Amino acid sequence: MAGNDTEMTGKKIFFLYPSALIQNEVAWELVQQEYEVYHVRSHDKLRRTLRRFPDSIVFINLDDGLSEKDWDSWIRMVSTEPALAGIKIGILSMVSDEAKSRKYNEIMKLPCGFTVVDRADTLKTVKQLYGFLQAVDARGRRKYIRATSENEALTTINIPHNSDYYKGVIKDISVVGLSCAFAVDPDLEKNTLCQDMQIKLQSMILKAEGIVFGSRMDGRTKIYVFLFTQRIDPDVRIKIRTYIQATMQAKMDILLR
């Protein structure tokens, strides 16, 4: 069943003991390409949590956390645990080493291989990871990551309509659109263009333009779905992805405890 689910939704990608460079540049680039990325700093907690997501991808920072010998033991434990048979593992290191490359690529045959993180050219590293991620179908059929909002006070929307302003709470959001519910129904028709939308995502306030895709009833609450127009600022997309990753990371951190 997990395989069918991840075919639709994509796989989770965990960076284990990532360096600042890996987290802030390499992983960040993957987030901007709509991969579902998490950072973890406990191999024991991750191993337990992987049982809930047995089709995930793990990139280990070989330079941190454990010795190389202990990392090899950890990889063997994960690889031989029946519940984790679907986990795909790769190795990252700042140090170029032919022997290690041969061991992880040719002897242990890790599905996501051995990658040297190039300090001077992180995009080169990212492109190498893309190759592994495409080979294991990391994105599945999903095109965009979506985050659901639970802290309503910090995720809101304001729209001008008919000489008035309507405030709502965001239910979920991606770079292509959002769903929300308003305190007072603005009674929007399908295809209504809403300019000057103000979106609040925690401490970020963003401006966007959206079209009403439709609406539905959730009990007695009317949920509107907006699609952003092509005029959305690229920087707004970056900020939305950053918010989505932070929101999903916070939820994962709770599971990892």
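The rules we used
Residues numbered from 1 in each chain as written. Predicted model: local features only at pLDDT ≥ 70, side-chain atom pairs only at ≥ 80, totals over all residues. Heavy atoms only, no water. Phe/Tyr/Trp six-rings, centres within 6.5 Å; stacked < 30°, edge-to-face > 60°. Helix = DSSP H or I, 4+ residues; strand = E, 2+ residues; numbered from the N terminus. Buried < 20%, exposed > 50% of the residue type's maximum accessible area, 1.4 Å probe, protein only. Lys NZ or Arg CZ within 6 Å of the ring centre and 35° of its normal. Contact = heavy atoms within 4.5 Å. Salt bridge = Lys/Arg side-chain N within 4 Å of Asp/Glu carboxyl O.

A. Quick peek at the packing of aromatic side chains. One pass over the full model with this rule turns up nine aromatic pairs. Ring centres 6.2 Å apart and planes at 25 degrees place the aromatic pair Tyr 35 and Tyr 130 in the stacked group. In this pair, Tyr 35 sits in the loop between helix 2 (20-32) and strand 2 (36-40) while Tyr 130 sits in helix 6 (residues 122-135), placing the two residues 95 residues apart along the sequence. Ring geometry for Phe 182 versus Tyr 224: centroids 5.8 Å apart, planes at 65 degrees, classification edge-to-face. Linking Phe 182 in strand 9 (residues 177-182) with Tyr 224 in strand 12 (residues 221-228), this pair joins segments that are 42 residues apart in sequence. Just as Phe 182 is buried, Tyr 224 falls in that class too. Grouping aromatic residues by their ring pairs yields a cluster made of Tyr 17, Trp 71 and Trp 74. The ring of Tyr 35 is capped by Arg 139, whose NZ or CZ atom sits 4.6 Å from the centre of that ring. Looking at Lys 190, its charged tip hangs above the ring of Phe 213, at a distance of 5.7 Å from the centre.

B. Quick peek at the environment of Ile 157. Note on placement: Ile 157 falls in strand 7 (residues 155-161). Ile 157 sits in the buried class, given a relative accessible area of 0%. Setting aside chain neighbours within four positions, we find Ile 157 in contact with Tyr 166, Lys 167, Gly 168, Val 169, Ile 170, Leu 178, Cys 180, Phe 182, Met 197 and Gln 198.

C. Region of interest: the pattern of salt bridges. Inspection of every chain in the model, using the stated rule, returns 13 salt bridges. Glu 68 serves as the salt-bridge partner of Lys 100, at 3.6 Å between the closest nitrogen and oxygen. Pair noted here: Lys 100 is in helix 5 (residues 98-107) and Glu 68 is in helix 4 (residues 68-80), with a separation of 32 residues, a long-range link. As a salt-bridge pair, Glu 209 and Arg 231 come within 2.6 Å of each other at their nearest N and O atoms. Of the two residues, Glu 209 sits in strand 11 (residues 204-218) while Arg 231 sits in the loop between strand 12 and helix 7 (234-256), which places them 22 residues apart along the sequence.

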